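Notes for the structure review
Now for the letters of each chain:
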Amino acid sequence: MPLQETHDPEMPQTPSALDLIADDPHNRKKFLKMAGVGSAGALAVFLAACGDTKKKAVSTATAAATGTTTTAADVKSDLAIVNYALTLEYLETAFYTKVAKSGLFKGSDLDTIKHLQDTEQQHVDALTATVKKLGGTPAAEPKSDFPVKDQKSVLKLAATVENLGAAAYLGQAGNIKNPDILAAALAIHSVEARHAAALNILTGQNPSPDGAFAKPADMATVLAAVKPFIVA
């Protein structure tokens, strides 16, 4: 797996987007406005703000959004997080694509699978565009292999994948520096969580297994969980 932890504990860290939002009412108001327009809208706002080059993204978009100076290290950190999310979305898309082609589901059930597949593909497209707009290189799509044997096991795996995806986005929220990226990430997180809740119900689980407060998952935990599905 090419992705690794994104932060060096010995390096000084600038405030995260969550810190900026908590400390500055202007940023909080702006963030809530962006988050309210949904994942596509939040990403569109972010992409429009980023401009055509990494330099412009740093000096104009982020500075305007936060009122602070964003360093190259901050941009690199956010890029790593977006690429991490992109890798997870690649895997989810590949999983639903395989399920849709398996012949295990028909009619409205197949339509639901295809809807999930399309949603994850939209996440892939948006995250890929975000990396490019920031001047980075999108992560390569990993080769994957998911066990697709019967409806029951597929739905159980789907629930596991979606719960993991939601926890992964939540786990990175405090590390993201740019409020625009945070708004987009949380907008995607909410969709992943809705998928997870629906699949939890279908598989006889509690729709919110963590209780009133969702539990985040760090990068190392998530990467270890998806490793069995990646073909070296």
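As a starting point, this report considers the structure included with it. Everything numeric in this text was worked out from a predicted model, so none of it was measured.

**With respect to the packing of helix α7 (residues 151-172) against helix α8 (residues 179-202)**
Look at α7 against α8: their axes get within 8 Å of each other, and the N-to-C directions meet at 155°. Considering the angle they form, α7 stands roughly antiparallel to α8. As α7 packs across α8, the resulting crossing turns out to be left-handed. In this structure, α7 uses L155, A158, A159, E162, N163, G165, A166, Y169 and L170 to contact α8, whose residues at the interface are A185, I188, H189, E192, A193, H195, A196, L199 and N200. Classifying every residue of the contact of α7 with α8 gives 11 nonpolar, five polar and two charged.

**Considering the packing of aromatic side chains**
For the structure on display, the rule yields three aromatic pairs. When the centroid spacing of 5.0 Å and the interplanar angle of 20° are considered together, the rings of F146 and F229 count as stacked. Separated by 83 residues along the polypeptide, F146 in the loop between α6 (107-133) and α7 and F229 in the segment after α9 (219-226) bring together distant segments of the chain. For the pair shown, F146 and F229 are each scored as buried. Clustering of aromatic rings is evident, with ring pairs tying together F95, Y96, F146 and F229.

**Regarding the pattern of salt bridges**
In the structure shown here, the tally under the stated rule is one salt bridge. Here D145 and K98 are joined by a salt bridge, their closest N and O atoms 2.9 Å apart. Residue D145 is located in the loop between α6 and α7, and its partner K98 is located in helix α5 (residues 72-101); the two are separated by 47 residues in the primary sequence. A relative accessible area of 45% means that D145 is categorised as partly exposed.

**Some details on the environment of K152**
Here K152 lies in helix α7. The class for K152 is exposed, based on a relative accessible area of 71%. Spatially, the C-alpha atoms of K152 and L202 are 9.4 Å apart, while their sequence positions differ by 50 residues.

**Observations concerning the packing of α5 against α8**
Contact pair α5 / α8: the axes reach a minimum separation of 12 Å and the direction vectors enclose 30°. With respect to each other, α5 and α8 are oriented roughly parallel. Like other packed secondary-structure pairs, α5 and α8 cross with a definite hand, here left-handed. The residues of α8 that touch α5, namely those facing D78, V82, E89, E92 and Y96, are I181, I188, E192 and L199. Considering only residue class, the contact of α5 with α8 consists of five nonpolar, no polar and four charged.

**Remarks on the nonpolar core**
Of all hydrophobic cores here, the largest spans 28 residues; its most connected members are Y84, F95, Y96, F105 and V222. Contributions of two or more residues to this core are made by α5, α6, α7 and α9. With nine residues, α7 is the largest single contributor of residues to this core. Setting aside chain neighbours within four positions, we find F105 in contact with V99, L110, I113, Q151, V154 and L155. In this structure, L127, L134, Y169 and A185 belong to the second largest nonpolar core, which totals 19 residues.

The rules behind these values
Residues numbered from 1 in each chain as written. Predicted model: local features only at pLDDT ≥ 70, side-chain atom pairs only at ≥ 80, totals over all residues. Heavy atoms only, no water. Axes fitted to C-alpha atoms, helices over the stretch in contact; angles between N-to-C directions. Helix = DSSP H or I, 4+ residues; strand = E, 2+ residues; numbered from the N terminus. Parallel < 35°, antiparallel > 145°, perpendicular 65-115°, else oblique. Left-handed = near helix turned anticlockwise from the far one by under 90°. Contact = heavy atoms within 4.5 Å. Nonpolar A, V, L, I, M, F, W, Y, C, P; charged D, E, K, R; others polar. Phe/Tyr/Trp six-rings, centres within 6.5 Å; stacked < 30°, edge-to-face > 60°. Buried < 20%, exposed > 50% of the residue type's maximum accessible area, 1.4 Å probe, protein only. Salt bridge = Lys/Arg side-chain N within 4 Å of Asp/Glu carboxyl O. Core = buried A, V, L, I, M, F, W, Y, C linked by side-chain atoms within 4.5 Å.

Any link to function would need more than the numbers given here.
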